[in-house]
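Remarks on the overall topology
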Amino acid sequence: MATAPATIPIYPTEKAGHSGFEYFSTRKDELVGWARKFSLFPYPFVTACCAMEFMAVSSTPYDTDRFGAALPRFSPRQSDLLMVVGTVTHKQAPILLKVYEQMCEPKWVMAFGACATSGGFYQNYAAVAGIDKIIPVDIYVPGCPPRPETVIDAIMKLQARIAGDHHPILTDKF
Amino acid sequence: MNKETLSPALSQGRGGNAAIANPIRPAFDAHDEPGSVVVSIGPSHPATHGTIQVIAALDGERVKRVDVHCGYLHRGFEKECEAHTWHNLIPYVDRLNYCSGLINNFAYCEAVEKLMGIEMTPRCRYLRTLLSEYSRIADHLTCIAASLMELGAMTPFLYLVMIRDYIYEHLAALTGARVTYTYGRIGGLARDLPEGWLARLSEILDQYQDFIGRVHGLMDRNRIFIDRTRNVGAITAAEAIHWGITGPILRSSGAPRDLRKDTPYLAYAELDFDVPVGINGDNYDRYYVRMREMDESVYMIRQLMEMLPEGPINVDDRRCTFPEKTLVYSEIESLINHFKLVMDGPSVPAGEVYFSHEAPNGELGFYLVSDGSGTPYKVHVRSPSFVHMGGLARLLEGYQLADIIPTFGSVNMIGGECDR
Amino acid sequence: MNVPLPVPLPPALEVAAAEVLATARALKAQGCFDLLIDVTAVDWPQRTPRFDVVYHFYSTATFARVRVKTRVTESDPTVDSLVPLYGSALFMERECHEMYGITFRGHPDLRPILLYEGFEGHPLRKDYPIGREQPLVKFIK
């Protein structure tokens, strides 16, 4: 007896608004996403050993410049990617929060290294067990310290996310 | 980032109006220094290499008074050491002066070996000396590259960081990691040199000599560099010793004090090398002393490559050396030995020891107190950077605001070592 | 107070807490110990007096080293500060104070150096639990 072939049920999607507007808004998001992903201005919030790999990834042969993410901006007002490089201790936490809050939208946060991701192996009274306890994080880079290739992979993943993100620029819907 | 994804705690109350705690209490504020502007340089600053806060009272461009705050990278190293075995804490030791991770490893391991009464094998001794000098080159490269970049010289930064990257990849071929190696072991080293390692070492040293010639050509007699660094941040030898300063800063002020020459350890007694000494103790001398020390290190490495004997790298002592894996899987005694070493740690006899190495920043010492078990009772690091921060005010006061960064760069404060 | 130093100088000296400054002065003057390498403390909670304060000195002239130890009680953990003799004592004694609670009489500025304002307790004492965090910023997670 032949069984009926398995089918994937198809449900009609809910229309989320005027289809012409959606098309235009999606194209606008793609354009803005493309521009934003290839012109990241990192704020290197550098604290510890990961700084060595941060210096290495900014120089030859790894070079973040070819991803558009090389020019650091040391003012939070002028940067959009907060790279928290190294351990953040409880003493440093207020400074991190202040810098994060001074940055304008859109902003992304990269937790660079094991200490920024989860506290690393410093699980004690002094270190914050991961900066996501204090500020929201977009991308976590594992490693102690991460190899430069890992950092570049993280930047590329972040760029893919930015490209597909919703970018409201004129109002909070568009 | 969408506002909707922020948690409620973040999007309300913690915005710009919520007060954020100030973790420090400055020694002075604007009321104590009338007629001057008080600025805070750091702790998140592009040019201070490491998290440090310098609160400066300025009279125009001149720095009148300085209050240095460190501790922003205090990660609880000493407390963590009391909770781990003598072996398990080697990765923590690496992350002290992270620019020269191997020297921290070897200084700690040798201190434990002194406490246990172990003498390392000849091959281990020469190899540790060679790798210490290799790490010293990497540290000085980082320090000089970063401080030159802060003065605006981007080209030497890129040259020196390129050589440093070759060193990192080369050490990754030996130890498995680029920056924090965890290669030293109590009683020896983690593994022996792979095939072709010494040949590549020779290539890297040749490339180093080519590139360092270029940096010398760009900086040594550069009018702008001399104007910015000569007679800036000067200190005399007597004052430096009063403030506990050792290492290149003390040598730049004229005192030829170097633990490798004065109280030789490892294989330094058998090597032929000079101790470069400066004249004024200013930023230029510190730059030049480090450049010359790198050349001396290269010379020492070449001598050590000739002198390296064959033989085992780990001392044959059950108390600390892990047995061969093949034996662990076949003999019960080796299995128990391995188990005990991993679970309880090597049993170090009760007592205390202070042992120091000449790290790239100065005297790096370990004061270990043991109560006879496999876990240390106390591990204290005498870190050169921390002591130098005490003397930093002396180097900054009286000079200009723009001199703070180059002076600070030439002192080479490494946060992991200063704050531990 | 003139404290006579034993001749030849042993690698470690045990002195009373009141004699620390005089011993350091004698070491600096007679033994040429011009570099104060380290100031730290060790906590022995089962023992009275509880703390050992440990000093390390080095002579840049003779390359000799000496360790000076003294004992202080938990109820009065006070010792004279070496700041009048050695500038390096400034930061090192601040660290010893905040980590163990040892008070250095005569130190101009005993503010926390590695820890922050508002931190309660002395972390390197054996009775301070390693995981007791005192956050300054409210956690969102």
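Residues numbered from 1 in each chain as written. Chains lettered and ligands numbered in written order. Predicted model: local features only at pLDDT ≥ 70, side-chain atom pairs only at ≥ 80, totals over all residues. Heavy atoms only, no water.

Once that is clear, we can look at the interface of chain A and chain C. Taken together, the contact between chain A and chain C spans 14 residues of the former and 19 residues of the latter. For the pairing of chain A and chain C, the buried interface totals around 1,400 Å² over both sides, and the portion due to carbon and sulfur atoms is 65%. Counting the surface chain A buries against chain C, the share from its top three residues, His90, Tyr125 and Lys133 of chain A, is 51%. At the boundary of chain A with chain C, the tally comes to zero salt bridges. Applying the counting rule to chain A against chain C returns five residue pairs in polar contact (both at pLDDT 80 or more). Residue classes in the side of chain A that touches chain C are distributed as nine nonpolar, two polar and three charged. (Contact = heavy atoms within 4.5 Å. Buried area = accessible area lost by both parts, 1.4 Å probe. Salt bridge = Lys/Arg side-chain N within 4 Å of Asp/Glu carboxyl O. Polar contact = N/O pair within 3.5 Å; in protein donor to acceptor, adjacent residues only side chain to side chain. Nonpolar A, V, L, I, M, F, W, Y, C, P; charged D, E, K, R; others polar.)

Across the contact, 43 residues belong to chain B and 44 residues belong to chain A. Here chain B and chain A share an interface that buries about 3,900 Å² over both sides, 60% of which is from carbon and sulfur atoms. For the interface between chain B and chain A, the tally reads two salt bridges. The partner of Arg178 of chain B in a salt bridge is Glu53 of chain A, and the shortest N-O contact between them spans 2.8 Å. Elements with a minimum of two residues in the side of chain B that touches chain A: α2 (77–81), α3 (90–94) and α6 (154–175) of chain B. It is α6 of chain B that contributes the most residues to the side of chain B that touches chain A, eight residues altogether. Of the residues that constitute the side of chain B that touches chain A, the class distribution is 22 nonpolar, eleven polar and ten charged. (Helix = DSSP H or I, 4+ residues; strand = E, 2+ residues; numbered from the N terminus.)

Left-over empty space is what a probe sized like a water molecule reveals as it rolls over the atoms. Approximately 910 Å³ is the volume found for the largest pocket. Taken together, 47 residues form the lining of the largest pocket, with Phe54 and Met55 of chain A together with His49, Met149 and Phe157 of chain B sitting closest to its centre. Put simply, the parts of the chain that give the lining of the largest pocket at least two residues each are β1 (42–46) and α2 (50–58) of chain A together with α5 (122–150), α6 and α16 (401–411) of chain B. Class assignment for the residues of the lining of the largest pocket results in 30 nonpolar, 14 polar and three charged. With six residues, helix α14 (residues 332–343) of chain B is the largest single contributor of residues to the lining of the second largest pocket. A per-class count over the lining of the second largest pocket returns ten nonpolar, six polar and ten charged. (1 Å grid on protein atoms, 1.4 Å probe; cavity = no way out; pocket = protein on both sides within 12 Å on 5 of 7 lines; lining within 4 Å. Points joined across faces, edges and corners; volume = space filled by probe spheres on them.)

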